[in-house]
Amino acid sequence: MVIKEYQVKQLFRKYGVPLLKGGVAYTPEEAQATAEKIGGSAWVVKAQVTVGSRTAGYFAGQGQSDLAGICWANSPQMVAGLAERMLGNNLIVPEKEGAGQEVRRVYVEEACLGQSEYKLSLRIDFLTQQLVLTVISAGNIVHRYELPEYKLNRLIVQRVLRDLKLKDKRAFNMTDLLKKLMQLFEGYGAIAVEFDPILETALGFVVLDGRIVFYEDSLFRFPEIEAMREIEVGQEREAIAKRHQFRYTKLGGNIACLVNGIGLGQATIDLIHQHGGQVACLLDVGTEPSRDAVARALKLALSDPDIDGVLVNIFGGITRCDVIVQGLLSAAHEILAGLPVVVRMDGTNAHIGRRLLFESRLPFTVVQKMDEAVLEIIKQVKELT
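Report follows, based on the coordinates.

Calculation rules
Positions within a chain are numbered from 1, following the residues in the order the chain's sequence is written. Local features in this predicted model are restricted to residues whose pLDDT is 70 or higher, and side-chain atom pairs enter the listing and the counts only when it is 80 or higher, whereas totals over whole chains, interfaces and linings include all residues. Here the side-chain values reflect all heavy atoms present in the structure, with hydrogen atoms and water set aside. Stacked, tilted and edge-to-face pairs are distinguished by plane angle, under 30 degrees for stacked and over 60 for edge-to-face with tilted covering the rest, among Phe, Tyr and Trp rings (Trp via its six-membered ring) whose centres lie within 6.5 Å. Comment: elements are numbered from the N terminus, with helices defined as DSSP H or I runs of at least four residues and strands as E runs of at least two. Relative accessibility decides the category of a residue: with a 1.4 Å probe and only protein chains considered, values under 20% of the type maximum give buried, values over 50% give exposed, and everything between is partly exposed. Axis definition: a line fitted to C-alpha atoms, limited for helices to the stretch in contact. Angles are taken between N-to-C directions and run from 0 to 180 degrees. Handedness of a crossing is defined here by the sense of rotation of the near helix relative to the far one, left-handed for an anticlockwise turn of less than a right angle and right-handed for a clockwise turn. A contact between two residues is defined here by any heavy atoms of the two lying within 4.5 Å. The nonpolar class holds Ala, Val, Leu, Ile, Met, Phe, Trp, Tyr, Cys and Pro. Asp, Glu, Lys and Arg form the charged class, and all remaining residues, Gly among them, are polar. What makes a salt bridge here is a side-chain nitrogen of Lys or Arg within 4 Å of a carboxyl oxygen of Asp or Glu, nothing more.

Once that is clear, we can look at the packing of aromatic side chains. Pairs of aromatic rings are described using the distance from one ring centre to the other and the angle between the two planes. According to the stated counting rule, one finds five aromatic pairs in the structure shown. Measuring from ring centre to ring centre gives 5.7 Å for tyrosine 118 and phenylalanine 205, while their planes differ by 90 degrees; the resulting arrangement is edge-to-face. In this pair, tyrosine 118 sits in strand E8 (residues 117-125) while phenylalanine 205 sits in strand E12 (residues 204-207), placing the two residues 87 residues apart along the sequence. The two residues tyrosine 118 and phenylalanine 205 agree in class, both being buried. Members of the aromatic cluster, joined through ring pairs, are Tyr15, Tyr188, Phe214 and Phe222.

Running from amino to carboxyl end, helix H2 (residues 28-38) crosses helix H3 (residues 76-86) at an angle of 145 degrees, the nearest separation of the two axes being 8 Å. As H2 packs across H3, the resulting crossing turns out to be right-handed. Every residue of H3 that contacts H2 at Pro28, Ala31, Gln32, Ala35 and Glu36 is listed here: Pro76, Gln77, Val79, Ala80, Ala83 and Glu84. Tallied by class, residues from the contact of H2 with H3 come to seven nonpolar, two polar and two charged.

Moving on to the pattern of salt bridges. Counted according to the given criterion, the structure contains 22 salt bridges. The partner of aspartate 125 in a salt bridge is arginine 144, and the shortest N-O contact between them spans 3.1 Å. Note that aspartate 125 is positioned in strand E8 and arginine 144 in strand E10 (residues 142-147), a separation of 19 residues in sequence. One connected set of salt bridges, linked through shared partners, spans Glu5, Lys9, Lys46, Arg54, Glu109 and Asp209.

Below you can see the structure in the form of structure tokens.
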């Protein structure tokens, strides 16, 4: 899961990380009001996206190529003007191919000048199974430390301060940053935490940006993080699928495939293409799907205006075919919309599943062989279109 800068800074503030004044804005008017509230004589307007280097990026659209993802402004009115040019447009960065990512909000922050920059990174090295602290000094000198027992001890801190040649108040402030880095890492059970860059000002060190990389499977422990998950435009169906514990992959044809396993899904796609059909999407409910997940998957497929038919292809092992059918029957009112649904199932409780489908008297077409199922859905889709 990736979260944006303004969300990362919400978590940083919770742990007392020194930051500049700033706020998120969704309109040019909000951006100007935020700058006025912050005060001062200069501000930075930052596009809130999750793609690569914003300073090296540019915006798609006529007259936008001179605009980067991070820009300075010397008046609240200029802040509003920059926000207006960013919002609703796609930021394209060198590290990523394609059309870029749409900017739906900006972060307005006070501008700040400093003497030197540092970078701190704490991450798990999965090759060595070590927790590694990386410190980059103002001269781009890289220092790397392995933390024994995943702990930041006094010896490591002393080595960092010695390598960076920091003393007195500067040493105290850097020690505080290192402790907060470790607290964030432990507090969120993270894979990595970064403060990048850290600016040294007259008032001490200030973290200008950073990130936290979370374990996806552990987010249930942190509802405040899960609540930060944003649904990007065009990813709504993927988000619904994830919420209900199945996978959705858009492919662009007109036949939806509901399967239990990625291998079976790929074989189904290949067979449909061999017989001249085109797959619109793959819905993988996994090996132990719930009745609700199957129902949600079928409803999601049938709600897509590009879908002309659905092929349900299930091989029961751990998966119970009767549970699959119970989910299909739960979405019966959606099936009555008139789109063909062909069901092929084999394996655990397949005979029970087929019997339930026949007894339901709903307009499912039930076949026993995979080839026959593929040919049948292609035929019915052609007749419908």
